[in-house]
Every structure is written in structure tokens, then in C-alpha cells.
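One letter stands for each residue in the lines below.
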Amino acid sequence: MRGLLNKLKTASSGSFLAELTLYALFVLAYFFLVLNFLDARLKQIFDDSKIHYAILSMALIAVQGVFLEMLTGALVRLLRRKAR
Amino acid sequence: MDFLVSGTHIHPLYLMGIGFVVGILGGFFGVGGSFLAGPALFAAGMPMNFVVGTDLAHIVGKSIVAAKRHRALGNVDIKLGMIMVSGTIAGVEAGAQIIEYLKRRADVDVVVAVGFIFVLVSISMFIGWESWQTLKLLGKRSTRKAIAADAARLKKDASPAPRMPRYLKAGRGETEQVKQDTSVLAHVPKQIHRFRLPPMISFPVSGIEQISLWTILGVSFVGGVFSGFLGGGAGYIRMPALVYLLGVPTHVAVGTDLFEIVISASYGTLTHALKGNVDIMVALVMHTGAAIGAQIGAMLTQFYHGTRIRLAFVPLPLLGAGLLIYSLVTGHHF
């Protein structure tokens, strides 16, 4: 366990902590601004048309996946540049 | 928080926590993490048909992140992954049809949960046994090498060669050790490669000279059935199958499995959503935690030997099985 922690420390402890903090802030904002308003709309679509719901579900999770990857990637690059 | 589609009440922090943990596991072991996420959702009170579909949906978003990371590290055999997709999709559809049949005929929750427990315990026991045997084999080999090296050094003492700086030796040795992959079952892939039903294909990235297309399709179909029936990407079946049956090095198996999961889990999400088995809100909340966990997991694979990655995997399916047994026996939900 100590070895693992040392490896993590040497790898990117500073940038990781900063990334985690920014990420937490982002998730909090995203959660309250977007997800809270989506649920009722999604339930309506789920009841009305399963085809639309399936397509929307795929689009939402894929877009969120790509967006979060881009966001974290950009954060890491920014932090590394500042560290240099 | 109430999730209207599945009619469940789960705290979002619980979902984010599950997502974060399975994200790390996914990035590190190349599995979707359904062996933990599935039981954790079931334990939170979600009906099993929603657990299966929702878990697949969350895996799509997470695997996009992890697969991209692994591709950057050179751990993805795209050719192998693309071929496996077709077998997996057929298997996912077969698994989803079994779920539909059980929804009409039997108690889907109990049947899927018992099946899940059996698979999780079997996988854990098998990988544990194999990794332990391989570590013992490696230990014997290193002892023999050390004795041979001592004998050679005694001979050379009269005219010692110029020494390499210690830090260089350590660095080079560490890199070699990380990239090496040994298995006590190395003879199994060799025997499987002897099955030569055409067309035969080679996979240079995975170090496979020639293998029958049907072998790959068969392995991926079985993985797909588990994925459609038990949810998730079924990496707990496919990752060991890639290593032990096809002979793919563990690091490449991890990356290729994730790449394949992106495509097969997307199909699984669509087919389950059409059948009304996906609560996408739950998946989106879980994914916010999983996205960062997947990056940490992918980073960690660079520091560990393949055998140790497999050995570390052993207790995780047992944890998932424990959660399921607890929920089934007590009827309690978190």
C-alpha cells in the first residue's frame, strides 16, 4: 500500500488533487443545474416512446463520456503547463 | 433522490461513490465493474432488470474515457477488438432475450442474482488459483536465476566488467518487469491456437501469430451472453478469456477489452432501453464519479506486473457476490 501511495505521489499527486477539486465543483454544478431538471422530462419520454428514450439515453451517456474526458484532459494539460 | 423511471430512491452520493470505485477498477483491470456496481444497485433497492440495463448504460460513458487512455498507452489491439464486437453483440442479444423470457416466466431477480453469484465466485477462485501458481513459478525461476548469476559473478571476479550505474539498472529492470507477462496456464492458448478452422488471422499487437476467427467469435459470444444476461460489459469473463484462452498479454487484454466494451455495451444499452430496462438518470449520476476513477485506474496499470494485476482482482468479484447474498438472504436494501 505504501508503495502504491509513493508511486501515486511521484506520478501526479499535485495535479490529481487539483483535478479532483475542480471535478467535484463541476459535478456539483452539473448535478443541480442539469440532472435535477432532466428526470421528469426523461420519465415522460420513457412513457411516451421507448425508441426515443433509447436514442436519447445513448446520446446522453456518450456525450457526457466524451465531454468529461475532454474536460479532465484539458484540466490536466492546464495544470501541467502551470506547474512547468 | 427519487429516480422516476425505475421508481427507486437512492442517494446521489452513493451512486457517485459506486461510480468512482468501479471507475478505478475498470481502468485498472479492464472490466466494466458490473460485478460490484450491479450488486450495489440491487442492494440499493433497484429491480434486477433495471440493474442490468442501467449498469450497461453507465459502462458506455466510463469505458469511452478508459479506452481512450489505454489506447494512448498502446494497450489496445483494435483489430482484435473490432472482430470480437460482432460475436459479443450476438451474445448480448441472446442474453437480453433470456432476461425477457425470465421477466415473463420466473422470478428474474432471484435467477439472475443466483447466476451472478455462481459466476463471480467461480471467476474469483480460478483467477486466484492461477495467479498464485504463476507467482510461485516466478519465485522458483528467480531463485534459479539468482544462483546462476552468483556462479557467473564468481567466475568473472578476476576481471570485473565496467558497472552500469545502479539507478539505470533499476529503471531498465522495472520497465522490463512491467511489460513481461507470465502465466502458469501458458500452454492453454497454445493448444487453442492449434484449432485451425479457416479463416486464420494474425494479431501482431497481441503477439498472436495465427488463430481461427471462430475461436475469437466463440469467446466473444460467450462474453456477450453474460453481458446481456447479467449486465455490465462482462469483462470479468472476457478479460480472463483473452488472457488464458487467446494468450493476449494482460495489459493488452485490459485495453482491448475496454475498447470492445464501448461498442458492445452501447448495443446492450440500446436493446435494454428499448425493452424499458434502463434508468439513464442513475447511469449519468454514477458516471460523474466513474469518469475520474477510470483515469486513475488506467494510470495505475503502468506500475504493476500482469500477474499482480490479476491477483489483485481476486477479492473484488467475491465482494460483489457477498453483497448479492446479503440482499437475497436478508431482503435488506441500503
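It should be emphasised that the depicted structure is a prediction, and the values quoted were computed from it without experimental measurement. (Residues numbered from 1 in each chain as written. Chains lettered and ligands numbered in written order. Predicted model: local features only at pLDDT ≥ 70, side-chain atom pairs only at ≥ 80, totals over all residues.)

Of regular secondary structure, chain A possesses 2 helices and 0 strands. Counting over 84 residues, chain A shows a buried share of 15%. (Helix = DSSP H or I, 4+ residues; strand = E, 2+ residues; numbered from the N terminus. Buried ≥ 20, exposed ≤ 12 C-beta atoms within 10 Å, placed from the backbone.)

So, about the overall build of chain B. In terms of helices and strands, chain B carries 13 helices and 4 strands. Across the 334 residues in chain B, those meeting the buried criterion constitute 53%. Sequence separation of 24 or more characterises 83% of the internal contacts of chain B that already satisfy a separation of 6 or more. (Contact = placed C-beta atoms within 7 Å.)

Residue and element names in this part refer to chain B. Their axes nearest at 9 Å, the elements helix α8 (residues 213-230) and helix α9 (residues 235-245) cross at an angle of 160°. Taken as axis vectors, α8 and α9 run roughly antiparallel relative to one another. Here α8 runs over α9; the crossing is right-handed. From α8, Val219, Val222, Gly223 and Phe226 reach across to α9, where they touch Ile237, Arg238, Ala241 and Leu245. The residue makeup of the contact of α8 with α9, split by class, is 6 nonpolar, 1 polar and 1 charged. (Axes fitted to C-alpha atoms, helices over the stretch in contact; angles between N-to-C directions. Parallel < 35°, antiparallel > 145°, perpendicular 65-115°, else oblique. Left-handed = near helix turned anticlockwise from the far one by under 90°. Nonpolar A, V, L, I, M, F, W, Y, C, P; charged D, E, K, R; others polar.)

Right, let's talk about the interface of chain B and chain A for a bit. In this assembly, 30 residues from chain B lie in contact with 29 residues from chain A. Looking at which element gives the most residues to the side of chain B that touches chain A, the answer is helix α11 (residues 280-300) of chain B, with 11 residues. Along the lines of polarity and charge, the residues of the side of chain B that touches chain A split into 21 nonpolar, 7 polar and 2 charged.

Right, let's talk about the confidence of the model for chain B for a bit. Residue and element names in this part refer to chain B. Of the residues in chain B, 79% have a pLDDT of 70 or more, and the chain-wide mean is 75. Mean pLDDT across the elements of chain B ranges from a minimum in helix α6 (residues 166-179), with 36, to a maximum in strand β2 (residues 8-9), with 86. Interface scoring of the predicted complex returns ipTM 0.78; its pTM is 0.68. (pLDDT = per-residue confidence, 0-100.)

The subject of this paragraph is the pairing of strand β3 (residues 200-203) of chain B. All names here are of chain B. One ladder, built from 3 bridges, connects β3 with strand β4 (residues 208-212); its direction is antiparallel. Looking at β4, one finds that Ile201 is bridged to Ile211. Counting the residues that bridge the hairpin from β3 to β4 gives 4 residues, and of these Gly207 lies at a positive phi of roughly 75°. (Pairing = 2+ DSSP bridges.)

Residues and elements named next belong to chain B. The buried fraction of α9 amounts to 11 of the 11 residues, a majority that puts the element mostly inside the structure. Taken residue by residue, α9 has Gly235, Tyr236, Ile237, Arg238, Met239, Pro240, Ala241, Leu242, Val243, Tyr244 and Leu245 as its buried positions. Gly247, located one to two residues past α9, shows a positive phi value of around 80°.

Here the focus is the environment of B:Leu319. Residue and element names in this part refer to chain B. Note on placement: Leu319 falls in helix α13 (residues 315-330). For Leu319, a count of 16 C-beta atoms within 10 Å translates into the label partly exposed. Taking C-alpha positions, Leu319 is 10.0 Å from Ser124, a pair spaced 195 residues apart along the chain.

All names here are of chain B. Axis separation between helix α4 (residues 78-105) and α8 bottoms out at 6 Å; the angle between their running directions is 35°. As α4 packs across α8, the resulting crossing turns out to be right-handed. Partitioned by chemical class, the residues of the contact of α4 with α8 number 17 nonpolar, 10 polar and 1 charged.

All right, on to the environment of B:Gly19 then. All names here are of chain B. Relative to the elements of secondary structure, Gly19 occurs in helix α1 (residues 12-29). Here Gly19 falls in the buried class, since 30 other C-beta atoms lie within 10 Å of it. As a C-alpha pair, Gly19 and His287 span 268 residues in sequence and 5.7 Å in three-dimensional space. Not counting the four nearest positions on each side in its chain, Gly19 is found in contact with His58, Met286, His287, Thr288, Gly289, Ala290 and Gly293.

In this section: helix α3 (residues 48-72) of chain B. All names here are of chain B. The end-to-end C-alpha separation of α3 is 36 Å, in line with the 36 Å expected for 25 residues at 1.5 Å each. In α3, a bend of some 30° at Lys62 exceeds every other bend along the element. Within α3, 23 of the 25 residues are buried, leaving the element largely enclosed by the surrounding structure. A positive backbone phi angle near 80° is found at Gly74, which sits one or two residues after α3. (Expected span 1.5 Å × (residues − 1). Bend = angle between axes of the 7 residues up to and from the residue.)

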